[in-house]
Amino acid sequence: MFERLQQKWKVSGWRLLLILVTFALGGSLCGYLGRQLLGLLQIDSAVIRIPLYILLVTILWPFCVLLISLFTGQFKFFRTYLKKMGARMAGKKRADHLVPQAPPTNVNNDTLIQPATQPVNQSGAQGSVTRIAVFASGAGSNAQKIIDYFRNSTTIQIALIVCNKPGAGVLGIAEREHIPTLLIEKEAFFRGNGYVDELKAAHIDFVVLAGFLWKIPATLTAAYPNKMVNIHPALLPRYGGKGMYGMHVHEAIIAAGEPESGITIHFVDNVYDNGAIIFQATCAIAPGDTPADLAQKVHQLEHAHYPRIIEQVIEQLQNQR
Ligand code: GAR
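All of the points below concern the structure found in this document. (Residues numbered from 1 in each chain as written. Predicted model: local features only at pLDDT ≥ 70, side-chain atom pairs only at ≥ 80, totals over all residues. Heavy atoms only, no water.)

Re the packing of helix 5 (residues 141-150) against helix 6 (residues 169-177)
- Running from amino to carboxyl end, helix 5 crosses helix 6 at an angle of 20°, the nearest separation of the two axes being 9 Å. What the angle tells us is that helix 5 and helix 6 run roughly parallel. With respect to the hand of their crossing, helix 5 and helix 6 are arranged in right-handed fashion. Packed against helix 5, whose contacting residues are Ala143, Gln144, Ile147 and Asp148, the element helix 6 presents Val170, Ile173, Arg176 and Glu177 at the interface.
- Residues of the contact of helix 5 with helix 6, tallied by class, amount to four nonpolar, one polar and three charged. (Axes fitted to C-alpha atoms, helices over the stretch in contact; angles between N-to-C directions. Helix = DSSP H or I, 4+ residues; strand = E, 2+ residues; numbered from the N terminus. Parallel < 35°, antiparallel > 145°, perpendicular 65-115°, else oblique. Left-handed = near helix turned anticlockwise from the far one by under 90°. Contact = heavy atoms within 4.5 Å. Nonpolar A, V, L, I, M, F, W, Y, C, P; charged D, E, K, R; others polar.)

Below is the structure:
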């Protein structure tokens, strides 16, 4: 049970202990305060006392755990935990009261946002849920990992897959996962509005580039400042820039005889592979490794880290709201 909690909350054993202590002390404090308040009200009837006590304890509990968490050093965890609980309850309320929303459909005659074959996720209503558009041009293994990671999230939803290549593997993934897709064209992307209107119409809050090979136009980066991230299959600032994508990067690194490579996750600005770096991880290159071997090692790093880092960036944005 403890291991499952550790995995769920992504914390060390020591931190889990502090969190559980906070729960216990917060619960005791809130029970104590509830009884004191009830004493002050001097109500004798058990029929009123019991529901009133439950109501008081429910209201006091979040404040009590937050107070205790200040002393146990777990304030950030509990602030996020309570926000998530609130979002989940709000989501449940919406699901109870609303007919499930159809996913966004065509926003104009030329641009097709293909609706998902089934609703994506009932918690996908706007508000406390951050809606992500994943841009990808290829097989989509990163897109798949991101979809898997956020499948049961109540605060983050993969709402749209954007692709520039008809027939790309990522479109098959979107279909299987019932995620709406937007197939974009070069002319409209670079000379039009960069599909900003379509993304806004689909209520996209955050953009993730996962193997998307076109440069992002200024209209689009301006619409998502610090809300667009990319993954690059090398340790930027080296081996980045125009023409440096996918296998080309690995071939250049092997040809140069580098002892290591890795991944870079960064914010996107108007220059190729240039925005502020958020995270890097490295892997060693063994003598005799081919570009394909390196690609495999890099993919492993990408799959292990990208979803988690996306979550961290979005949680920071959600906490700033
Ligand atoms: C990934 O390795 C990603 O880092 C790279 O394309 C691959 C896509 O793989 N991106 C770039 O080169 C961007 N400059 P995937 O389709 O299996 O996720």
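Following the structure, the description resumes.
So, the side chain of Thr130
- Within the secondary structure, Thr130 sits in strand 2 (residues 130-135).
- Setting aside chain neighbours within four positions, we find Thr130 in contact with Thr155, Ile156, Gln157, Asp205, Phe206, Ile314, Gln318 and Arg321.

Concerning helix 11 (residues 291-320)
- For helix 11, which comprises 30 residues, the first-to-last C-alpha distance of 41 Å matches the rise-based estimate of 44 Å (1.5 Å per residue) to within 8%.
- Most pronounced at His305, the bend in helix 11 amounts to some 35°, and the proline Pro307 follows within four residues. (Expected span 1.5 Å × (residues − 1). Bend = angle between axes of the 7 residues up to and from the residue.)

So, the site of the ligand
- Close to the ligand lie 13 residues; Gly140, Ser141, Asn142, Gly246 and Glu302 are nearest.
- At a separation of 3.2 Å, an oxygen atom of the ligand approaches a polar side-chain atom of His299.
- At 2.4 Å from an oxygen atom of the ligand is found a side-chain nitrogen or oxygen belonging to Glu302.
- Protein chains shield 90% of the accessible area of the ligand, which is 450 Å² for the free molecule.
- Going through the elements one at a time, helix 5, strand 6 (228-232) and helix 11 are the ones with two or more residues in the shell around the ligand.
- Taken together, the residues that form the shell around the ligand break down as five nonpolar, seven polar and one charged. (Near = heavy atom within 4 Å. Polar contact = N/O pair within 3.5 Å; in protein donor to acceptor, adjacent residues only side chain to side chain. Areas by Shrake-Rupley, 256 points an atom, 1.4 Å probe, with all protein chains shown as cover.)

So, the packing of aromatic side chains
- One pass over the full model with this rule turns up 14 aromatic pairs.
- Both rings, one in Tyr149 and one in Phe150, keep their centres 5.0 Å apart while their planes meet at 80°; by these two values the pair is edge-to-face.
- The structure contains a cluster of three or more aromatic residues connected by ring pairs, namely Phe135, Phe189, Phe190, Tyr195, Phe212 and Trp214.
- Stacked on the ring of Tyr224, the Lys or Arg Lys200 has its end atom at 4.2 Å from the ring centre. (Phe/Tyr/Trp six-rings, centres within 6.5 Å; stacked < 30°, edge-to-face > 60°. Lys NZ or Arg CZ within 6 Å of the ring centre and 35° of its normal.)

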